[in-house]
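# Tertiary structure, described
Residue-level listing of the chains:
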Amino acid sequence: EDQVTQSPEALRLQEGESSSLNCSYTVSGLRGLFWYRQDPGKGPEFLFTLYSAGEEKEKERLKATLTKKESFLHITAPKPEDSATYLCAVPNSGNTPLVFGKGTRLSVIA
Amino acid sequence: KAGVTQTPRYLIKTRGQQVTLSCSPISGHRSVSWYQQTPGQGLQFLFEYFSETQRNKGNFPGRFSGRQFSNSRSEMNVSTLELGDSALYLCASSSQLAGITDTQYFGPGTRLTVL
């Protein structure tokens, strides 16, 4: 069964302290990997799509990278407003449009 | 372009009742997917509709159903509500021009509380 595992489950950073979130997946024939940001009580907000190993995308303080087995979301010099849950998802090889990981809950402390 | 909209935003029901949730996709998007999100299980896929046809279905009981109209708007219905149905119900739309790798854009969700 296709799976998506995110680590760590929770991460607490000081403002300006850079770090990375991990998303590992087991799916044959990857057809894209998606990163979303979700604030409490709201719907996920799309961040990035990565399609092939070696691909990188950036947006403000965030950079997403992809290998054949995992993806990283690098956060450089985070600010308190970056606090949120970050979700990654992949299209299933079966009948599910997207399989989501459980997310990483990021807290950035001023 | 307006985003995905969902109504109502909040609902409180009692066990045994039924509920209907509505979703309007981004203009031009023909695929609508529904997800249930709970703290313990995360985001779980319910079903997907494309051009008024259910294309995929997740592993949920038959009490959960949906439909899509000719204007791509979608509704989902939950009958005989149980306490465990309390969750955030999310709708997502995509253009589906290139298959299921198209980006899904989510609405704000409907928070359902079953008492």
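Relevant structure appears above.
What comes next is a walk through the structure. All residue numbers refer to position in the chain's written sequence, counted from 1. Labels follow written order: the first chain is A, the first ligand is 1, and so on. In keeping with the model being predicted, local features are shown solely for residues with a pLDDT of at least 70 and side-chain atom pairs are shown and tallied solely at 80 or more, while totals for entire chains, interfaces and linings include all residues. Side-chain measures here rest on the full set of heavy atoms in the structure, leaving out hydrogens and waters.

Attention shifts here to the overall build of chain B. A run of H or I in DSSP becomes a helix once it reaches four residues, and a run of E becomes a strand once it reaches two; helices and strands are each numbered from the N terminus. In terms of regular secondary structure, chain B is built from zero helices and 11 strands. Helices (α) and strands (β) of chain B occur, in sequence order from the N terminus, as β-β-β-β-β-β-β-β-β-β-β. Radius of gyration: C-alpha atoms only; globule rule: 2.2 Å multiplied by the number of residues to the exponent 0.38. At 13 Å, chain B has a C-alpha radius of gyration in line with the 13 Å of a compact globule built from 115 residues. In chain B, buried positions account for 50% of the 115 residues. Should any heavy atoms of two residues lie within 4.5 Å, those residues are considered in contact. In chain B, 54% of the contacts between residues at least 6 apart in sequence involve partners at least 24 apart. Accessible surface is estimated by sampling points in the Shrake-Rupley manner with a 1.4 Å probe; for residues, cover comes only from the protein chains shown. Of the roughly 5,300 Å² that chain B leaves accessible, carbon and sulfur atoms contribute 49%. Using a 1.4 Å probe on the protein chains alone, a residue whose accessible area is under 20% of its type maximum counts as buried, one over 50% counts as exposed, and one in between counts as partly exposed.

Turning our eyes to something else, we now look at the interface of chain B and chain A. At the junction of the two partners, chain B supplies 24 residues and chain A supplies 20 residues. Note on definitions: buried area is the accessible-area loss of two parts on being combined, 1.4 Å probe, summed for both. Of the roughly 1,600 Å² buried where chain B meets chain A, counting both sides, 59% is carbon and sulfur surface. As used in this structure description, the phrase polar contact means that two N or O atoms lie within 3.5 Å; if the pair is within protein, one of them must be able to donate a hydrogen and the other to accept it, and residues adjacent in sequence are counted only when both atoms belong to side chains. There are three residue pairs in polar contact (both at pLDDT 80 or more) connecting chain B and chain A. With four residues, the single largest contributor to the side of chain B that touches chain A is strand E5 (residues 42-50) of chain B. Of the residues assigned to the side of chain B that touches chain A, the class counts are nine nonpolar, 10 polar and five charged. Classification convention: Asp, Glu, Lys, Arg as charged; Ala, Val, Leu, Ile, Met, Phe, Trp, Tyr, Cys, Pro as nonpolar; all other residues, Gly among them, as polar.

As a further point, take the packing of aromatic side chains. Aromatic pairs are defined between Phe, Tyr and Trp rings, using the six-membered ring for Trp, whenever the two ring centres lie within 6.5 Å; interplanar angles under 30 degrees are classed as stacked, those over 60 as edge-to-face, and all others as tilted. Under the counting rule described, the total for this entry stands at 10 aromatic pairs over all chains. Look at Phe 100 of chain A and Phe 106 of chain B: their rings are 5.9 Å apart centre to centre, the planes differ by 70 degrees, and that puts the pair in the edge-to-face class. You can see Phe 100 of chain A sitting in strand E10 (residues 99-100) and its partner Phe 106 of chain B sitting in strand E10 (residues 105-106), one on each of two chains. Measuring from ring centre to ring centre gives 5.7 Å for Phe 47 of chain B and Tyr 49 of chain B, while their planes differ by 70 degrees; the resulting arrangement is edge-to-face. In this structure, Phe 47 of chain B and Tyr 49 of chain B share a single accessibility class: buried. Linked through ring pairs, Tyr 36, Phe 46 and Phe 100 of chain A together with Tyr 35, Phe 45, Tyr 105 and Phe 106 of chain B together constitute an aromatic cluster. By definition, being over a ring means that NZ of Lys or CZ of Arg is both within 6 Å of the ring centre and within 35 degrees of the ring normal. The ring of Phe 50 of chain B has Arg 55 of chain B sitting right over it, with the charged end atom 4.4 Å from the ring centre.

Attention now goes to the sheet that holds strand E3 (residues 19-24) of chain B. All names here are of chain B. Note on pairing: DSSP must find at least two bridges between two strands before they are called paired. Read from one edge to the other, the open sheet built from four strands follows the order E1-E3-E8-E7, with strand pairing classed as antiparallel. Looking at which strands have only one partner, the edges of the open sheet turn out to be strand E1 (5-7) and strand E7 (64-68). Shown here is a sheet whose adjacent strand axes are inclined to one another by a mean of 20 degrees, direction ignored. Here E3 runs beside strand E8 (residues 74-78); their pairing, made up of five bridges, is antiparallel. The residue of E8 that forms the bridge with Cys 23 is Ser 74. Here, axes are lines fitted to C-alpha atoms. For helices the fit covers the stretch in contact, and angles between N-to-C directions go from 0 to 180 degrees.

Moving on to unusual backbone geometry. In this structure, the amide linkage connecting Ser 7 of chain A to the following residue, Pro 8 of chain A, adopts the cis form with an omega of -10 degrees. The omega torsion of the bond from Thr 7 of chain B to Pro 8 of chain B falls at -10 degrees, within 30 degrees of zero and hence cis. Even without being a glycine, Ala 77 of chain A presents a positive backbone phi close to 45 degrees. You can see Ala 77 of chain A is positioned in the loop between strand E8 (70-75) and strand E9 (84-90). The residue Ser 72 of chain B is not glycine, and still its phi comes out positive at about 80 degrees.

Here the focus is the sheet that holds strand E6 (residues 56-59) of chain A. Residue and element names in this part refer to chain A. Ordered by their spatial adjacency, five strands build an open sheet running E1-E3-E8-E7-E6, and the pairing between neighbours is antiparallel. The two strands at the open ends of the sheet, each matched to only one other strand, are strand E1 (3-7) and E6. When strand polarity is set aside, the average angle formed by the axes of neighbouring strands in this sheet is 15 degrees. Sheet topology places E1 next to strand E3 (residues 19-26); five bridges connect them, and they run antiparallel. Note that in E3 the partner of Val 4 across the bridge is Tyr 25.

Interpretation note: all reported values are geometric properties and have no functional meaning in isolation.
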